[in-house]
Amino acid sequence: MNREDITKAVGALQAHREASHETVADLFRVDPKRFENFHIKLDDVLFDYSKHRVTRTTLDLLFALARAAGVDERRSKFFGGEAINITEHRPALHMALRKLDDGPMFAQGTDVMPAVRAERAKIFAFAEAVRNGTIKAANGERFTDIVNIGIGGSDLGPRMVVTALTPFVADHLTIHFVSNVDGADLGDKLKKLPLATTLFIICSKTFTTLETMTNAQTARQFVSEKLGEAAVADHFCAVSTQLDKIAAFGIKPDRVFGFWDWVGGRYSVWSAIGLSVVIAIGAEKFEKFLLGGQDIDQHFQTAPLESNVPVLMALLEIWYHDYWHYMTRAVIPYDERMNRFSAYLQQLEMESNGKSIQISGEKVTQSTAPVVWGEPGTNGQHAFFQMLHQGTEIVPVDFFVAAQPSGADPKHHQLLLANCLAQSQALMQGRSLEEVKSRLTAQKLDQAAIDALAPHKVFPGDRPSSTFLYKRLSPRVLGQLIALHEHKVFVQGVIWNIDSFDQWGVELGKELANELTPLIRDSDTSLEGLDSSTRGLVTEIRRHKKG
Ligand code: F6P
């Protein structure tokens, strides 16, 4: 990192931003080859970034910023297993989990690959035995239902991947996810599950998380009451880095799967945390998913910055967030099975980069981590797209769509594709007042009606979007999409000079909840010392409890 070069690069970008007056539609008009020049193909994934407010100059200035921030050097440290998570003194080495060749990978000098391969083999063997019925429920039958109990990274990844890969899930299995401490989450599922053939996976990196431990205890008690205490051993398995804590829960040692502290929770779907995914789709398909991650690791390490997709994704967002002050980004998969993707990216991006303090301990100098939000298309078109097209806030959009449907009706798929392409086109092109007026004139409206209606029908356009177009949503493509975003987050973290791998911002709320729990549980404890809002709310809760 070179501070002087960064200041220069930031200044140049600010000046360029002020001088940027061409619309994206103008850029398409002057460059008939804009699509050819502004897209990248990675195997089956095409990344189209032509509909962005960028020229070659913009990109060159952004690459200069990346170079000044030291993206290359930090990436070498990252893949070299140095302790780049400086506040927790750990490497961030989730890439080792999807390394499928025979080579080594080092975490602070130790080759982690022998342990990674051994654990992977253990998970694959267990998952296959559950799938083929070698490992049975207490009643001797094959498991039909799997319940993953976990939250945050121990839930969002497996949940999103299993949902996205629905066509690859074994027909005889149903996978469920319980995360919320709200008893309704587990309670509603327990009412409907075929308990006698249900396997629970307790997933928690720390094995201390309140939500997961509470749900796990309740599920354990339920199994013990309904199937007998002896059945608990057959119906539970666990995944954690804290193997001693699992033993205390009473899970058989051969049903315990580990991973390592150099795997962040939100980067853990590639590890044993993905056990529910392996059971759902099988080891072979899971390996394809890992392969997708590995493809992107290779691309990210070897492609020059100019054609490096995670780098481009990171820089485009920085351009809008820090120089145009667009505060959010919408993630819109035209892919119903990707309906958990934006929730997944919320944790990946906002927990990683939602920071205000630089690695040096100083305050950041630019705005970090835009809000990520979204829902699948075409549903979103009938909800929030009005605002995307005509609202006062400009929201860059990422569209995701498959050229071929995975086991869905092709007739529907044509409509889905046409709608996805139409939306990015409409956001970019817009519709001018003159065009609206001429259309209304053609409809034979009188002049007064035209003048009154026309401004409401104008689309400003010039609203940026990327499109990720892939052949089919296969395990490998999904692995690629996830890893692209992981590395994008890394690059942004380097440019903002923050630690993308810690999450201290979740601690205060946890601590205060621990302090408030006894006040809510025991009505006679004193509320002295609480702020008047919290005291008022607890008093009202107590009043309702009495009622
Ligand atoms: O509260 C945030 C968090 O620590 C996440 O980073 C993590 O993914 C989640 O909680 C769950 O943690 P664990 O896997 O340890 O239960």
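Residues numbered from 1 in each chain as written. Predicted model: local features only at pLDDT ≥ 70, side-chain atom pairs only at ≥ 80, totals over all residues. Heavy atoms only, no water.

### Re the environment of Ala216
Here is step 1 of the chain: Residue position: Ala216 is located in helix H9 (residues 210-227).
Here is step 2 of the chain: Its relative accessible area of 0% is what places Ala216 among the buried residues.
Here is step 3 of the chain: A sequence separation of 195 residues divides Ala216 from Lys411, and the C-alpha atoms of the two residues are 44 Å apart.
Here is step 4 of the chain: Filtering out sequence-adjacent residues up to four positions away, Ala216 remains in contact with Ile149, Ile202, Phe236 and Phe249. (Helix = DSSP H or I, 4+ residues; strand = E, 2+ residues; numbered from the N terminus. Buried < 20%, exposed > 50% of the residue type's maximum accessible area, 1.4 Å probe, protein only. Contact = heavy atoms within 4.5 Å.)

### With respect to the layout of surface pockets
Once rolled over the atoms, a probe with the size of a water molecule shows which space is left empty.
Here is step 1 of the chain: A volume near 950 Å³ is recorded for the largest pocket.
Here is step 2 of the chain: Lining the largest pocket are 40 residues, with Thr206, Thr209, Gln503, Val506 and Lys510 sitting closest to its centre.
Here is step 3 of the chain: Of all elements in the fold, only H9, helix H15 (341-353) and helix H21 (507-521) reach the threshold of two or more residues within the lining of the largest pocket.
Here is step 4 of the chain: With 5 residues, H21 is the largest single contributor of residues to the lining of the largest pocket.
Here is step 5 of the chain: Looking at the lining of the largest pocket, its residues break down into 13 nonpolar, 17 polar and 10 charged.
Here is step 6 of the chain: Computed from the structure, the second largest pocket encloses a volume of approximately 350 Å³.
Here is step 7 of the chain: If you trace the second largest pocket, you find 19 residues lining it, with Asp335, Glu336, Ala408, His413 and Leu416 closest to the centre.
Here is step 8 of the chain: The leading source of residues in the lining of the second largest pocket is helix H17 (residues 410-429), at 5 residues.
Here is step 9 of the chain: For the lining of the second largest pocket, the per-class residue count stands at 7 nonpolar, 8 polar and 4 charged. (1 Å grid on protein atoms, 1.4 Å probe; cavity = no way out; pocket = protein on both sides within 12 Å on 5 of 7 lines; lining within 4 Å. Points joined across faces, edges and corners; volume = space filled by probe spheres on them. Nonpolar A, V, L, I, M, F, W, Y, C, P; charged D, E, K, R; others polar.)

### Notes on the domain arrangement of the protein
Here is step 1 of the chain: According to the domain assignment, the protein contains domain 1 (24-83 + 303-502), domain 2 (94-287) and domain 3 (505-546).
Here is step 2 of the chain: Here the C-alpha centre of domain 3 lies 34 Å away from the C-alpha centre of domain 2. (Domains from an automatic or database assignment.)

### A word on the sheet that holds strand E13 (residues 465-470)
Here is step 1 of the chain: In space, the 6 strands of this open sheet follow the order E1-E2-E13-E12-E10-E11, with mixed pairing throughout. For this open sheet the edge positions go to strand E1 (39-42) and strand E11 (371-373), each flanked by a neighbour on one side alone. Strand-to-strand twist in this sheet, taken as the mean axis angle between neighbours without regard to direction, amounts to 15°.
Here is step 2 of the chain: Across 6 bridges, strand E12 (residues 397-402) lies against E13 in parallel orientation. The residue of E13 that forms the bridge with Ala402 is Tyr470.
Here is step 3 of the chain: On the sheet, H17 packs against strand E10 (328-334), E12 and E13 and is oriented at approximately 155° with respect to E12. (Pairing = 2+ DSSP bridges. Axes fitted to C-alpha atoms, helices over the stretch in contact; angles between N-to-C directions.)

### What about the site of the ligand?
Here is step 1 of the chain: Near the ligand you find 14 residues, and of these Ser154, Ser204, Lys205, Thr206 and Thr209 are the closest.
Here is step 2 of the chain: In the environment of the ligand, an oxygen atom lies 2.6 Å from a nitrogen or oxygen atom belonging to the side chain of Ser204.
Here is step 3 of the chain: Between an oxygen atom of the ligand and a side-chain N or O atom of Thr209, the distance comes to 2.5 Å.
Here is step 4 of the chain: Burial of the ligand by the protein chains amounts to 87% of its free accessible area of 400 Å².
Here is step 5 of the chain: Using a 2 Å cut-off from the grid points, one finds that the ligand occupies the largest pocket.
Here is step 6 of the chain: When grouped by side-chain class, the residues that make up the shell around the ligand number 2 nonpolar, 9 polar and 3 charged. (Near = heavy atom within 4 Å. Polar contact = N/O pair within 3.5 Å; in protein donor to acceptor, adjacent residues only side chain to side chain. Areas by Shrake-Rupley, 256 points an atom, 1.4 Å probe, with all protein chains shown as cover. Sits in = over half its atoms within 2 Å of the grid points.)

### Things to note about helix H6 (residues 113-132)
Here is step 1 of the chain: If you check H6, its first and last C-alpha atoms are 28 Å apart, about what 20 residues at 1.5 Å a residue would give, namely 28 Å.
Here is step 2 of the chain: Those residues of H6 not exposed but buried are Met113, Val116, Glu119, Arg120, Ile123, Phe124, Phe126, Ala127, Ala129, Val130 and Arg131.
Here is step 3 of the chain: Directly beyond the C-terminal end of H6, a positive phi value near 90° is found at Gly133. (Expected span 1.5 Å × (residues − 1).)

### Considering the pattern of salt bridges
Here is step 1 of the chain: Scanning the model with the defined rule gives 31 salt bridges in all.
Here is step 2 of the chain: Of the charged contacts, one joins Arg75 and Asp72 as a salt bridge, the two residues approaching to 2.7 Å between their closest N and O atoms. Linking Arg75 with Asp72, this pair stays in helix H5 (residues 71-79), spanning 3 residues, or about one helical turn.
Here is step 3 of the chain: Looking at Arg75, the relative accessible area reads 10%, which means it is buried.
Here is step 4 of the chain: Judged by relative accessible area, which is 34%, Asp72 ranks as partly exposed. (Salt bridge = Lys/Arg side-chain N within 4 Å of Asp/Glu carboxyl O.)

### Some details on the pairing of strand E7 (residues 198-203)
Here is step 1 of the chain: For E7, the tally of buried residues reaches 6 of 6 residues, placing the bulk of the element in the interior.
Here is step 2 of the chain: Burial along E7 is two-sided: Thr198, Phe200 and Ile202 and Leu199, Ile201 and Cys203, pointing in opposite directions, are all buried.
Here is step 3 of the chain: Here strand E5 (residues 145-149) runs beside E7; their pairing, made up of 5 bridges, is parallel. Across the sheet, residue Asp145 finds its bridge partner in E7, namely Thr198.

### Focus: unusual backbone geometry
Here is step 1 of the chain: Note that the residue after Gly377, namely Thr378, is joined by a cis bond; omega there is 10°.
Here is step 2 of the chain: Among the structural elements, Thr378 can be located in the loop between E11 and helix H16 (385-390).
Here is step 3 of the chain: Despite not being glycine, His325 has its phi angle at roughly 65°, a positive value.
Here is step 4 of the chain: Counting through the fold element by element, His325 comes out in the loop between helix H14 (309-324) and E10.
Here is step 5 of the chain: Although it is not a glycine, Ala369 sits at a positive phi angle of roughly 40°.
Here is step 6 of the chain: Here Ala369 lies in the loop between H15 and E11.

### Description of the packing of aromatic side chains
Here is step 1 of the chain: Under the criterion given, the structure shown has 27 aromatic pairs.
Here is step 2 of the chain: Seen from their ring centres, Trp319 and Trp324 are 6.0 Å apart, and the 80° between their planes marks the pair as edge-to-face.
Here is step 3 of the chain: Seen from their ring centres, Phe341 and Phe400 are 5.2 Å apart, and the 80° between their planes marks the pair as edge-to-face. Pair noted here: Phe341 is in helix H15 and Phe400 is in strand E12, with a separation of 59 residues, a long-range link. Grouping residues by exposure puts Phe341 and Phe400 together as buried. (Phe/Tyr/Trp six-rings, centres within 6.5 Å; stacked < 30°, edge-to-face > 60°.)

### Details of the packing of helix H13 (residues 283-302) against H14
Here is step 1 of the chain: Look at H13 against H14: their axes get within 8 Å of each other, and the N-to-C directions meet at 75°. Considered as vectors, H13 and H14 are oriented roughly perpendicular to each other. Residue-level contacts link Ile296, His299 and Phe300 of H13 to Val309, Pro310 and Val311 of H14.
Here is step 2 of the chain: Among the residues making up the contact of H13 with H14, the classes are represented as 5 nonpolar, 1 polar and no charged. (Parallel < 35°, antiparallel > 145°, perpendicular 65-115°, else oblique.)

### Some words on the state of the cysteines
Here is step 1 of the chain: For the structure shown, the criterion picks out 0 disulfides.
Here is step 2 of the chain: The cysteine Cys203 is free of any disulfide, with Cys237 supplying the nearest cysteine sulfur at 7.9 Å.
Here is step 3 of the chain: Note on Cys203: relative accessible area 1%, which makes it buried. (Disulfide = S-S within 2.5 Å.)

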